[in-house]
Amino acid sequence: MDKSKQSFRKSKRSFRRRLPPIGSGDRIDYRNMSLISRFISEQGKILSRRVNRLTLKQQRLITIAIKQARILSLLPFLNNEKQFERAESIPRTTGPRTRNK
């Protein structure tokens, strides 16, 4: 092979295969909070399938379980703790504002 074709060939890098995030014995259920909490972001959003490394069927089941847990008040719909902390730390002035001349 000449050098011009070698530069376009992908390099063979070794990579370690990641373990699946859900084991064969894990049951996807709205009561399994330790499993569900792994697939929720800090803001309370459901993480995407690409980030979770789940199959399509597993992602659907996780999504349904998270939504059921939210409806039953086992999980909050939004995690606004950081927003409240930031809002409380801002000093607010009360009363009419005066213009400095």
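Residues numbered from 1 in each chain as written. Predicted model: local features only at pLDDT ≥ 70, side-chain atom pairs only at ≥ 80, totals over all residues. Heavy atoms only, no water.

Trainee: What should I look at first to understand the environment of glycine 44 in this one?
Mentor: As for its position among the elements, glycine 44 is in the loop between helix H2 (33–36) and helix H3 (49–52). Note on glycine 44: relative accessible area 10%, which makes it buried. Placed 31 residues apart in sequence, glycine 44 and leucine 75 show a C-alpha to C-alpha distance of 8.5 Å. Glycine 44 has contacts with Arg70, Phe77 and Asn79, leaving out every residue within four places of it along the chain. (Helix = DSSP H or I, 4+ residues; strand = E, 2+ residues; numbered from the N terminus. Buried < 20%, exposed > 50% of the residue type's maximum accessible area, 1.4 Å probe, protein only. Contact = heavy atoms within 4.5 Å.)

Trainee: Looking at this structure, how should I read the pattern of salt bridges?
Mentor: It is possible for side chains bearing opposite charge to pair when their charged atoms get close. Using the criterion set out here, one finds two salt bridges in the structure. Between aspartate 26 and arginine 38 there is a salt bridge; the shortest N-O distance is 3.9 Å. In this pair, aspartate 26 sits in the loop between helix H1 (3–6) and H2 while arginine 38 sits in the loop between H2 and H3, placing the two residues twelve residues apart along the sequence. The exposure class of arginine 38 is partly exposed, given its relative accessible area of 45%. Residues aspartate 29 and arginine 31 are paired through a salt bridge, measuring 2.8 Å at the closest nitrogen-oxygen approach. (Salt bridge = Lys/Arg side-chain N within 4 Å of Asp/Glu carboxyl O.)

Trainee: Before we go on, may I ask you to explain a nonpolar patch on the surface in this structure?
Mentor: Taken together, Ile71, Leu72, Leu74, Phe77 and Leu78 make up a surface patch of nonpolar side chains, about 550 Å² in accessible area. In this structure, leucine 74 sits in the loop between helix H4 (56–71) and helix H5 (81–89). (Patch = residues over 30% accessible without salt bridge, like charges linked within 9 Å, V, L, I, M, F, W, Y side chains within 5 Å. Areas by Shrake-Rupley, 256 points an atom, 1.4 Å probe, with all protein chains shown as cover.)

Trainee: What should I look at first to understand the nonpolar core in this one?
Mentor: Soluble globular proteins tend to bury their nonpolar side chains together. Counting residues in hydrophobic clusters, the biggest one holds eleven residues: Ile22, Leu35, Ile36, Phe39, Ile40, Leu54, Ile62, Ala65, Ile66, Ala69 and Leu75. Of all the elements in the fold, those that place two or more residues in this core are H2 and H4. Ranked by residues supplied to this core, first place goes to H4 with four residues. In contact with alanine 65, other than residues within four places in its own chain, are Ile28, Asp29, Tyr30 and Ile36. (Core = buried A, V, L, I, M, F, W, Y, C linked by side-chain atoms within 4.5 Å.)

Functional significance is not addressed by these values, which are geometric in nature.
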